[in-house]
Amino acid sequence: MTRALFIICSFLLVTSGFAADQSAVRVEPTNLQGPRVLEKQTETAVVRDYLEAWKSFDTALDQNRATLLDADFVGTAKDKLVNTIQQQSKIGIHTRYVDRSHDIRIVFYSPEGLSVQLVDQVEYDMQVFDHDKPLATQRVRARYVSVLTPSEVRWRVRVLQAVPE
Amino acid sequence: MKVGLQYLGLGFLVAALQPAFAQSGNLHMPKTVQAGSAFSIESTGSGKAVLYIVGPVQALRRDVQLGEPTSFPPGTIYNAGHYLAILTGPSSTEQSEFDVVPENKPAALSFLARPSRISVSLHNGITGAVYVFDAYQNLITAPMPVSFQLSGTASAPQTRTVNTRDGAAWTQMDSASKEGAAKFVAQASDVSSSRIIQQVPGDPCGLRMTARPAGEKIELQTDPVRDCSGNAVPDGTIVTFTENYNGTQSTVDVPLKRGIAKVEMPAHDGARISAATGVVLGNEVRWGKQ
């Protein structure tokens, strides 16, 4: 009985901690251009991997560790983020991106199934630090266009680009 | 120095051409900058300060003199995205947001064409998808026309023009009725990318066989096997000959060689012999007197 209660309490602690760390995510109904049908399972995987990419992006730019991008980014997006990390390290800053909300809509699934494009109305806090001294904090609301491509076991972000609203 | 002055002049010019400016206290700057173009940021006050420009895809730092414009020559900020400019002076910190947008001129296409090998005469069997990028590998999200053309040796080219949405465009094309290589080209402005699509014969459309005596055996031979468009079905395609005689059945699988299949089978009076390939059943031959 005691053991069962402990397990339940542990579960609640873990889940409440997890929830506090989560951003609000809304996935809009897909409005696809293209002939290929997007299965629900694929849509779920794409959104899950995209949100995980945001997490690794947040951590990598906060800690200036490019290797944290390896699992979730590929191609141009990865190159650009790695470049930013190198530039941040060089000028002695790091940046914390805390994503508050995502409003995601998948807009294109290429006919051969090798890319998915989504747009995300994202809201995040951007904090810039000079070493450990806070320089600035800004609440940003931006529209991101992202292209993901399938890799061995997951979708990886190939393009991640903010565009003016 | 001369180059510096040119940059400075260009910076003022470009900044002056921007339709809108962001202003936050001491910071005065364009709200939107085209990737790779020159621009300048103006500040008020006096003394030295540090200007940071930080975004997810680029970060830089400049020592600046307050009250003087800070010019960024062409190619300084080239990755499209949302940026924060932070000016830390001796007594205060100012910040302002701005966007870097892609160039309008395409420089590279990411062209996905499928399949690389396809049967002839398939409606909408060939697909192409394109993402359009500028010279800095920014996705050009402003709509622009992309033309797709599929041209082969035996048929008139198919052309479609599609406007991009958020940087992507796609199309579908029919494979030609004649076998052979087709060139699939996507073009945006003066940038193009091409892929080769191999169009191969489809499934056999009909099968006809003839039989003639060859000693104690029957020599069976098909006519040249073709698809429904008249293309020769590739050598190696299997034709199955089946002989039924007196309640027993024997089959022989023979690959096409030079378009035909040929085999010898036992000559039994009253035997019924048929040939098939894929889903196509050919004619039946009854051998002998019975």
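Residues numbered from 1 in each chain as written. Chains lettered and ligands numbered in written order. Predicted model: local features only at pLDDT ≥ 70, side-chain atom pairs only at ≥ 80, totals over all residues.

**Some words on the overall build of chain A**
Then, number 1: Counting secondary structure elements, chain A contains three helices and five strands.
Then, number 2: The linear arrangement of helices and strands in chain A, starting from the amino end, is α-β-α-α-β-β-β-β.
Then, number 3: Of all 165 residues assigned to chain A, the portion counted as buried reaches 35%.
Then, number 4: Residue pairs in contact within chain A that sit at least 24 positions apart in sequence constitute 59% of those at least 6 positions apart. (Helix = DSSP H or I, 4+ residues; strand = E, 2+ residues; numbered from the N terminus. Buried ≥ 20, exposed ≤ 12 C-beta atoms within 10 Å, placed from the backbone. Contact = placed C-beta atoms within 7 Å.)

**Observations regarding the overall build of chain B**
Then, number 1: Helices and strands together make up the secondary structure of chain B, namely one helix and 24 strands.
Then, number 2: The C-alpha atoms of chain B give 35 Å as radius of gyration, which overshoots the globular expectation for 290 residues (19 Å, by more than 25%).
Then, number 3: Here the C-alpha coordinates of chain B stretch approximately 115 × 35 × 30 Å along the principal axes.
Then, number 4: The buried share among the 290 residues of chain B stands at 40%.
Then, number 5: By sequence separation, contacts in chain B at least 24 residues apart represent 57% of the contacts at least 6 residues apart. (Rg over C-alpha atoms; globule rule 2.2 N^0.38 Å.)

**Overview of the confidence of the model for chain B**
Then, number 1: Here chain B averages 89 in pLDDT, while 91% of its residues score no lower than 70.
Then, number 2: This stretch, residues 1-19 of chain B, has a pLDDT under 50; its non-local contacts, to residues over four places away or in other chains, come to 19 contacts. (pLDDT = per-residue confidence, 0-100.)

**Overview of unusual backbone geometry**
Residue and element names in this part refer to chain B.
Then, number 1: Residue P115 is bonded to the preceding R114 through a cis peptide linkage, with omega at -10 degrees.
Then, number 2: Looking at the element boundaries, P115 is found in the loop between β10 (108-114) and β11 (117-119).
Then, number 3: Of note, the phi angle at S121 is positive, near 60 degrees, even though the residue is not glycine.
Then, number 4: Here S121 is to be found in the loop between β11 and β12 (126-133).
Then, number 5: Unlike most non-glycine residues, N246 shows phi in positive territory, near 55 degrees.
Then, number 6: One can find N246 in the loop between β20 (238-245) and β21 (248-255).
Then, number 7: Since 9 C-beta atoms lie within 10 Å of it, N246 is described here as exposed.

**Overview of the interface of chain B and chain A**
Then, number 1: If you look at the interface, chain B gives 36 residues, while chain A gives 36 residues.
Then, number 2: Counted by class, the side of chain B that touches chain A contains 16 nonpolar, 14 polar and six charged residues. (Nonpolar A, V, L, I, M, F, W, Y, C, P; charged D, E, K, R; others polar.)

**Overview of the sheet that holds strand β13 (residues 145-152) of chain B**
Residues and elements named next belong to chain B.
Then, number 1: Strand order across the open sheet formed by five strands is β11-β17-β16-β13-β14, with mixed pairing between neighbours. Of all strands in the sheet, those with a lone pairing partner are β11 and β14 (158-163), marking the two edges. This sheet shows a mean twist of 25 degrees between the axes of neighbouring strands, independent of strand direction.
Then, number 2: For strand β16 (residues 180-188) and strand β17 (residues 191-200), the ladder comprises nine bridges, and the chain directions are antiparallel. The residue bridging K183 from the neighbouring strand is I196, located in β17. (Pairing = 2+ DSSP bridges. Axes fitted to C-alpha atoms, helices over the stretch in contact; angles between N-to-C directions.)

**Structural notes on the nonpolar core**
Then, number 1: Ranked by internal contacts, the top residues of the largest apolar core, which has 91 residues, are B:V54, B:A85 and B:V130.
Then, number 2: With eight residues, the single largest contributor to this core is helix α2 (residues 40-63) of chain A.
Then, number 3: When residues are assigned to domains, this core turns out to be shared by domain 1 (2-101) and domain 2 (108-200) of chain B, each giving three or more.
Then, number 4: When neighbours within four sequence positions are excluded, B:A85 is seen to be in contact with B:L27, B:M29, B:I41, B:L51, B:I53, B:Q95, B:S96 and B:F98.
Then, number 5: B:M209, B:V225, B:F241 and B:I273 belong to the second-largest nonpolar core, a separate cluster that totals 16 residues. (Core = buried A, V, L, I, M, F, W, Y, C linked by C-beta atoms within 7 Å. Domains from an automatic or database assignment.)

**Structural notes on the packing of α2(A) against helix α3 (residues 75-91) of chain A**
Residues and elements named next belong to chain A.
Then, number 1: As a packed pair, α2 and α3 sit with axes 9 Å apart at the nearest point and diverge in direction by 25 degrees. Our classification of the angle between α2 and α3 gives roughly parallel. Here F57, A60 and L61 of α2 come into contact with α3, specifically with L81, T84, I85 and Q88.
Then, number 2: Split by residue class, the contact of α2 with α3 holds five nonpolar, two polar and no charged. (Parallel < 35°, antiparallel > 145°, perpendicular 65-115°, else oblique.)

**Considering the sheet that holds strand β3 (residues 32-34) of chain B**
Residues and elements named next belong to chain B.
Then, number 1: Within the open sheet, the five strands sit side by side as β3-β9-β8-β5-β6. Their pairing is mixed. Sheet topology places β3 and β6 (58-65) at the edges, where each strand pairs with a single neighbour. For this sheet the average axis-to-axis angle between neighbouring strands, irrespective of direction, equals 25 degrees.
Then, number 2: Pairing of β3 with strand β9 (residues 93-101) involves three bridges; the strand directions are parallel.

**Observations concerning the environment of A:A77**
Residue and element names in this part refer to chain A.
Then, number 1: With respect to the element layout, A77 can be found in helix α3.
Then, number 2: Its 25 C-beta neighbours within 10 Å are what place A77 among the buried residues.
Then, number 3: Sequence separation of A77 and L148 is 71 residues, and the distance between their C-alpha atoms is 9.9 Å.
Then, number 4: Discounting chain neighbours no more than four positions away, the residues touching A77 are V157, R158, V159 and L160.

**What to know about the pairing of strand β4 (residues 133-150) of chain A**
All names here are of chain A.
Then, number 1: Two strands pair when backbone bridges link them, and strand β3 (residues 116-130) and β4 are joined in this way by 15 bridges, in the antiparallel orientation. Each residue of the ladder has a partner; that of D125, found in β4, is R139.
Then, number 2: Linkage of β3 to β4, two consecutive antiparallel strands, is achieved through a turn of two residues, within which H131 is found at a positive phi near 55 degrees.
Then, number 3: Hairpin remark: β4 followed by strand β5 (residues 155-163), antiparallel, with four residues in the connecting loop.

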